[in-house]
Amino acid sequence: MDNNNVALITKMVLDVIESQKSSKENGYLVPVGVSARHIHLTQEHVEALFGEGYQLTEKKELMGGQFASNETVTIVGLKLRAIENVRILGPVRSKSQVEVSATDALRLGVKAPIRESGNIAGSAPIAVVGPKGAIYLNEGCIVAKRHIHMAPKDAMAAGVHDGDIVSVKADNERGTVFNNVQIRVDDSFTLEMHIDTDEANAAKIVTGDTVRIL
C-alpha cells in the first residue's frame, strides 16, 4: 500500500471519529418525514380491488425503491366506520398491511397495535374497498412504530446500528422527546425519521423539520 492510500484511509478514519464525537456531544441531526395513513397490498389484492391484471401507477418516488401510487382505497373498521382516499404505496408486497394513526384507529373502531412495518401477526382486522371490489383482512391494521431510516454512512456517523432503539428530541417550542425510536439501516435508505400525524401534531412538527438523536 503506497503512502497516498495510507494517508487517504487515515483521513477517512479520523473524519468518522470526529463525526461520531460531534454526534455524541451535540446529538445527530435527522430530518423528519410525517407519514400519513397508507396501505401496502399484494398483487392479488390489487386485482381484487381494481380489476384483473391491474398494475399500480406511480405518483411520487419514495426511498428504498418504494413509490406513492395514484390509486387510493377506502378502509372500513368493524363498526362500519370508514376513511376514504387512503393512498396505496408500491410496489406490491407479499402481505397486505394498513398503517394508521392512533386517532384513525379510534375513528375506525379497531384496536391497532403499535408494530414495526411487516409485523402484522395478530394485528387488527380491517376491510378495504376499491372501485372494482372489496377485501377483508383478518389481520393487517397497525400503528407504525416510530423509526429512523439511515444509510450505512449515516449510521456510522451517528454511532448506531440497525435495530438499535434511541431517543430523539425536537428542539422547538414544544421540546418533545420521542423514546423507543427504532434505527433501520439499508443502502437504499435516505436519512429520515418517520412519525405519524398524531405524533407530529402533538409535537408541532412538520415534514422537513429536524430532530436530534440524544
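Scroll up to find the structure.
Residues numbered from 1 in each chain as written. Predicted model: local features only at pLDDT ≥ 70, side-chain atom pairs only at ≥ 80, totals over all residues. Heavy atoms only, no water.

### Let's talk about the packing of aromatic side chains
Two measures describe an aromatic ring pair: the distance that separates the ring centres and the angle between the ring planes. All chains considered together, the criterion is met by 1 aromatic pair. Each ring, one from Phe50 and one from Tyr54, has its centre 5.1 Å from the other, and the planes form 20 degrees; the classification is stacked. (Phe/Tyr/Trp six-rings, centres within 6.5 Å; stacked < 30°, edge-to-face > 60°.)

### Concerning the nonpolar core
Counting 25 residues, the largest nonpolar core has Ile75, Val98 and Val128 as the members making the most contacts within it. For this core, the elements supplying multiple residues, two or more each, are helix H2 (43-50), strand E4 (67-76), strand E5 (82-90), helix H3 (102-108), strand E8 (124-129) and strand E9 (134-144). In terms of residues, this core owes the most to one element, E9, which gives 4 residues. Aside from chain neighbours lying at most four places away, what touches Ile75 is Arg81, Ala82, Ile83, Val86, Val98, Val100, Leu108, Ile126, Ala127 and Val128. In this structure, Val160, Phe178, Leu191 and Met193 belong to the second largest nonpolar core, which totals 23 residues. (Core = buried A, V, L, I, M, F, W, Y, C linked by side-chain atoms within 4.5 Å. Buried < 20%, exposed > 50% of the residue type's maximum accessible area, 1.4 Å probe, protein only. Helix = DSSP H or I, 4+ residues; strand = E, 2+ residues; numbered from the N terminus. Contact = heavy atoms within 4.5 Å.)

### Digging into the side chain of His149
You can see His149 is positioned in strand E10 (residues 147-150). There is a polar contact of 3.5 Å between the side chain of His149 and the side chain of His194. In contact with His149, other than residues within four places in its own chain, are Met63, Arg184, Phe189, Thr190, Leu191, Glu192 and His194. (Polar contact = N/O pair within 3.5 Å; in protein donor to acceptor, adjacent residues only side chain to side chain.)

### Quick notes on the pairing of E9
As a general feature of sheets, a regular strand has side chains that alternate between the two faces. Of the strand pairs in this sheet, strand E6 (residues 97-99) and E9 are connected by 2 bridges, and their pairing is parallel. Bridged to Val98 within E9 is Cys141. By the bridge criterion, 2 bridges tie strand E7 (residues 114-115) to E9 in an arrangement that is parallel. Paired with Arg115 across the bridge in E9 is Ala144. Pairing analysis gives 5 bridges linking E8 to E9, with the strands arranged antiparallel. Residue Ala124 lies in a different strand from E9, and its bridge partner there is Cys141. (Pairing = 2+ DSSP bridges.)

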